[in-house]
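Breakdown of the fold
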Amino acid sequence: MRYATPSRSAHRAAPAGGLTLPIRFPARGQHRRRSRRHLRREPLATHLFTRGLAGLIVLGIVVMLGVLFVADDRRPPAQLASAEVDARIATREVDPAPLSEAEVFPGDITAFGVTRTDLTADCSLAAGGALRTTLQRYGCSQAVRAALTVPYADYRITAGMLNLPDTTSAMAVGDQIRYLVETGDGGFTEMSGATTGLGAPVAWRTRGHYVMYCVITGPSGELVAPDAPEVTQLTRDVLDTHLHDSILIRRAS
């Protein structure tokens, strides 16, 4: 038995199941108008997005530059390179400006109180024993001293800065201070002129052509234990934070 095979045109016209599906074609020109509207909208959105992105980039650059400028203005002087600091305060020739009481011990220090200051060209007045002749021999030209108080201890404190000709002289004086203090043959005096007794905490630092020091006694001049926690904090606040970081580094900047 033979089956009839539908013609090619009949096969295309009749889908499976015998259902005829209606097919709608867009009206002439309708698809073209929609495409043109889409093309018009897309460049506008892209343009707005590009402009907004460019504005954000420019704003970011401006903010970054502002932060860098502010950070540079607020850069602590201590951030100077160590070699640069040493070179700028190596001698009186490169650092000729004399010290002053207002520079070394200004009245707005927050870490401690300043009750009295003194500036003298006779450095021997700040020393006792053999240290007096040592300062004269090495050419000390200024001694700026102050009587200080701290909020965390009832101590009598004398701190000062000595102006030597150069780094070599300052280091030589520092070595002599160590020897004289340990042997009791010399040391620094208090603001009253009294020489502290053997064993009293005496701390000093040298940097450039300067010697920084402080002497600590009890409220009536009695000895204070050198290893007391308050003594460690006091020497750090006075010598390292104030005289070194705030005064010498600023002078070198």
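Predicted model, so just to flag it, every value in this text is computed and none were measured.

The next thing to look at is the packing of helix α5 (residues 130-137) against helix α6 (residues 167-183). In helix packing, the relevant descriptors are the interaxial angle and the interaxial distance, both defined with respect to the helix axes. Between α5 and α6, the shortest axis-to-axis distance is 10 Å and the interhelical angle comes to 175°. The angle between the axes of α5 and α6 places the two elements in the roughly antiparallel class. Facing α5, whose interface residues are A130, L131, T134 and L135, α6 presents V173, Q176, I177 and L180. Partitioning the contact of α5 with α6 into residue classes produces 6 nonpolar, 2 polar and no charged.

Turning our attention to the sheet that holds strand β1 (residues 113-120). Overall, antiparallel pairing links the 5 strands, which are arranged β1-β3-β4-β7-β6 in an open sheet. Both edges of this open sheet fall to β1 and β6 (202-207), since each of them pairs with a single strand only. Going from strand to strand, the sheet's axes swing by 15° on average, the running direction of each strand aside. Relative to strand β3 (residues 142-150), β1 runs antiparallel, the two being bridged by 7 bridges.

The next point concerns the packing of aromatic side chains. On inspection of all chains with the given rule, the structure shows 1 aromatic pair. Relative to Y213, the ring of F188 lies with its centre 3.7 Å away and its plane at 5°, an arrangement referred to as stacked. Taken together, the residues F188 in strand β5 (residues 186-188) and Y213 in strand β7 (residues 210-217) connect sequence positions 25 residues apart. Y213 matches F188 in its accessibility class, with the two residues each being buried.

Basis of the calculations
Residues numbered from 1 in each chain as written. Predicted model: local features only at pLDDT ≥ 70, side-chain atom pairs only at ≥ 80, totals over all residues. Heavy atoms only, no water. Axes fitted to C-alpha atoms, helices over the stretch in contact; angles between N-to-C directions. Helix = DSSP H or I, 4+ residues; strand = E, 2+ residues; numbered from the N terminus. Parallel < 35°, antiparallel > 145°, perpendicular 65-115°, else oblique. Contact = heavy atoms within 4.5 Å. Nonpolar A, V, L, I, M, F, W, Y, C, P; charged D, E, K, R; others polar. Pairing = 2+ DSSP bridges. Phe/Tyr/Trp six-rings, centres within 6.5 Å; stacked < 30°, edge-to-face > 60°. Buried < 20%, exposed > 50% of the residue type's maximum accessible area, 1.4 Å probe, protein only.

Nothing here speaks to function; it is all geometry.
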